[in-house]
Structures are given as C-alpha cells and as structure tokens.
Amino acid sequence: MRERILYEYATIRVVPKVEREEFLNVGIILFSKSEKYIKFEYLLNRDRLVSFAKDLDVDLIEQALHSYQKIAAGEETGGDIAALEIPERFRWLTAVRSACVQTSRPHSGLTHNLDYTFNKLFEEMVLE
C-alpha cells in the first residue's frame, strides 16, 4: 500500500460584513508540497450570500474568487503571485486578511488520494 500523503487545506469563505464576523463557506484550497499538488474550487450561492447582506456586490466577490483560482493554478494572467512555487502560492492565498473573501487557518492531514480528499472536503464544507 502506498504511503499516506501529507496535505494542507483551508476553507474559502465570504464575510459580507467583516465587523459582524458571519461567513459562508464557498470553496476549498488543498495543497501537498511532496506531490506538487494544489487545487482550488469554489461555488457561490448568490441567494444565500444576499441573505447575509442585501447590498453585497456578488459579482465583485466572484471576481476575487476567480483571481484566487488563477493564482492557485499558476496561470500567467494571475499576476506575479501566480508565478510563485506552489507552497508560496498556498501561503499567500491563505494569509490572514480583513476582507470580504477570507480563508480559514490551514489544517493538515494525511491521505492516500488527494483528489478524493479534496472532493470530500468540498462536499462537507461547501455543499452541505
């Protein structure tokens, strides 16, 4: 049996009104240094977000999340941060921010299958 792989992940959340500290999980980012693996995915439920804050600019939130996605993927259009190595991109994306789009603290774990673990976390943290 293959050795288990060390990974780190964080939930991506939207905090419509930072001062209220309420948030809605909208995505997951998972990375493994040893496997040179990073994956980011999000899903916006516009109706649910607007229920938190009627004046929330959901299009602007989606633009920010799309930028996160480009950085995680290392796309050229993601700017200078996207050109960094995977661990540095993960650290930048999960840095503490006082903004509408934030991440949880990174958590670590061990798995035999990174894609399976990513999908399970996405289902548990975002879809439920």
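Residues numbered from 1 in each chain as written. Predicted model: local features only at pLDDT ≥ 70, side-chain atom pairs only at ≥ 80, totals over all residues. Heavy atoms only, no water.

1. A look at the overall build of the protein
The condition is simple: Every helix listed is a DSSP run of H or I at least four residues long, and every strand listed is a run of E at least two residues long, numbered separately from the N terminus. Radius of gyration: C-alpha atoms only; globule rule: 2.2 Å multiplied by the number of residues to the exponent 0.38. Relative accessibility decides the category of a residue: with a 1.4 Å probe and only protein chains considered, values under 20% of the type maximum give buried, values over 50% give exposed, and everything between is partly exposed. Residues count as neighbours in contact if any of their non-hydrogen atoms are within 4.5 Å of one another.
Regarding its fold elements, the protein presents 4 helices and 5 strands. Mapped from its N terminus to its C terminus, the protein presents α and β elements in the order β-β-β-α-α-α-β-β-α. The C-alpha atoms of the protein give 15 Å as radius of gyration, which agrees with the globular expectation for 128 residues (14 Å, within 12%). Taken along the three principal axes of its C-alpha coordinates, the protein extends 50 × 35 × 20 Å. In the protein, which comprises 128 residues, the proportion classed as buried is 41%. Here the analysis covers contacts within the protein between residues at least 6 apart in sequence; of these, 64% occur between residues at least 24 apart.

2. Digging into the side chain of arginine 13
Heads up, the condition is: When charges are counted, neither His nor the chain ends are considered; positive counts come from Lys and Arg and negative counts from Asp and Glu. The term salt bridge refers to a side-chain nitrogen of Lys or Arg lying within 4 Å of a carboxyl oxygen of Asp or Glu. The term polar contact refers here to a pair of N or O atoms within 3.5 Å; inside protein, the definition further demands a hydrogen-donor-capable atom paired with an acceptor-capable atom, and it admits residues adjacent in sequence only when both atoms are side-chain atoms.
Relative to the helices and strands, arginine 13 is located in strand β1 (residues 5–14). The buried charged residue arginine 13 lacks any salt bridge partner; its closest oppositely charged side chain belongs to glutamate 21, at an N-O distance of 9.4 Å. A polar contact of 3.5 Å, which involves the side chain of arginine 13, links it to the backbone oxygen of threonine 103. If near-sequence neighbours (up to four positions away) are discounted, arginine 13 is found in contact with Phe23, Leu24, Asn25, Val26, Cys100, Val101, Gln102, Thr103 and Ser104.

3. A closer look at the pattern of salt bridges
Scanning the model with the defined rule gives 5 salt bridges in all. Across the salt bridge formed by glutamate 22 and arginine 20, the nearest N and O atoms sit 2.8 Å from each other. Given the relative accessible area of 33%, glutamate 22 is considered partly exposed. Taking the shortest distance from any N to any O, the salt bridge between arginine 46 and aspartate 59 comes out at 3.0 Å. Of the two residues, arginine 46 is situated in helix α1 (residues 46–52) and aspartate 59 in helix α2 (residues 58–73); the sequence distance between them amounts to 13 residues. Overall, arginine 46 belongs to the partly exposed group, its relative accessible area being 35%. The network of salt bridges with shared partners includes Arg46, Asp59 and Glu62.

4. Some points on empty space enclosed by the protein
Keep this limit in mind: Two kinds of site are reported from a 1 Å grid over the protein atoms alone, namely cavities, where a 1.4 Å probe fits but cannot get out, and pockets, open sets with protein on both sides within 12 Å along at least five of seven lines, and residues are called lining when an atom falls within 4 Å of a point. Grid points are joined across faces, edges and corners, and a volume is the space filled by probe spheres set on the points. Gly counts as polar in this scheme, as do all residues outside two lists: the nonpolar Ala, Val, Leu, Ile, Met, Phe, Trp, Tyr, Cys and Pro, and the charged Asp, Glu, Lys and Arg.
By the definition in use, this model includes 1 cavity of 30 Å³ or more. In this structure, the largest cavity occupies an estimated 30 Å³ of space. If you trace the largest cavity, you find it lined by Pro16, Lys17, Arg20, Glu22 and Phe52. Its residues assigned to classes, the lining of the largest cavity comprises 2 nonpolar, no polar and 3 charged.

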